[in-house]
Amino acid sequence: MHTDLGPVLALYPMPTTIVGAHCGGKPNFLAVAHLSPMNHGHPQYVAIGLNKLHHTNAGILENGQFSINIPGQDLLVKTDYVGIVSGKNTDKSRLFDLFYGQLPAAPLVRDCPVCMECRLHQHFVLGVHDIFVGELVATHADPAVLTDGKIDFGKVKPMLFEMPRKKYWALGPELGDCWSAGKALKNKETKL
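Residues numbered from 1 in each chain as written. Predicted model: local features only at pLDDT ≥ 70, side-chain atom pairs only at ≥ 80, totals over all residues. Heavy atoms only, no water.

K.L.:
Sorry if this is basic, but what is going on with the pairing of strand E5 (residues 45-51) here?
P.N.:
Taken residue by residue, a regular strand's side chains alternate between the two faces of the sheet. Of all 7 residues that make up E5, 5 are buried, and the element is covered over most of its length. With 3 bridges joining them, strand E4 (residues 35-37) and E5 adopt antiparallel strand pairing. The residue of E5 that forms the bridge with Leu35 is Ile48. The pairing of E5 with strand E10 (residues 129-141) spans 7 bridges and is classified as antiparallel. Bridge pairing links Tyr45 to Glu135 in E10. (Buried < 20%, exposed > 50% of the residue type's maximum accessible area, 1.4 Å probe, protein only. Helix = DSSP H or I, 4+ residues; strand = E, 2+ residues; numbered from the N terminus. Pairing = 2+ DSSP bridges.)

K.L.:
Where do I start with the pairing of strand E6 (residues 65-70) in this structure?
P.N.:
Summarising burial for E6: 6 of the 6 residues are buried, a large majority. On E6, burial covers both faces: Gln65, Ser67 and Asn69 on one face and Phe66, Ile68 and Ile70 on the other are all buried. Here 3 bridges tie strand E2 (residues 17-23) to E6, and the two strands are oriented antiparallel to one another. When the sheet's bridge partners are listed, Val19 is paired in E6 with Ile68. Bridge count for E6 against strand E9 (residues 114-126) is 6 bridges, and the pairing is antiparallel. Within E9, the position partnered with Phe66 by the bridge is Cys118.

What follows is the structure, encoded as structure tokens:
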């Protein structure tokens, strides 16, 4: 018998990211785990949800650009730090080695094995959160985390964020192939 927990969002853990934007003309960063791919077509869109009180929001709205950087587990301390101090009174611009791709106000973190540049496509407010939907402009990956030219998250070693207990987790072992693991059951059902 399952226990009714009420309306508890049970989709955690989620990937922990570092969102970057220019705020007041300089790079600022924030740890973010509330994000979602919106589609698999072209162009591709990704949404992030940030509490309206965050300093980074103003920079995204001002410049219409932001980055989503996926840190490896080795960046746990710096990632957590950018999530607990505000850019309103802390200069986080020198915390990371930065680079830029196509968007001049979307700072990318070289220390992160995967970085994405986004152009703001849509903004709306949902409760106490600003929802930013970004059009993915480019993805940059360290060659060391690629297998056959594709991002290998076993090599990325991302951190996963769990809200209910406020913990970081590591990615577990690969379990199987998508759109393949269920074929044996599909074939069995077809024969019935």
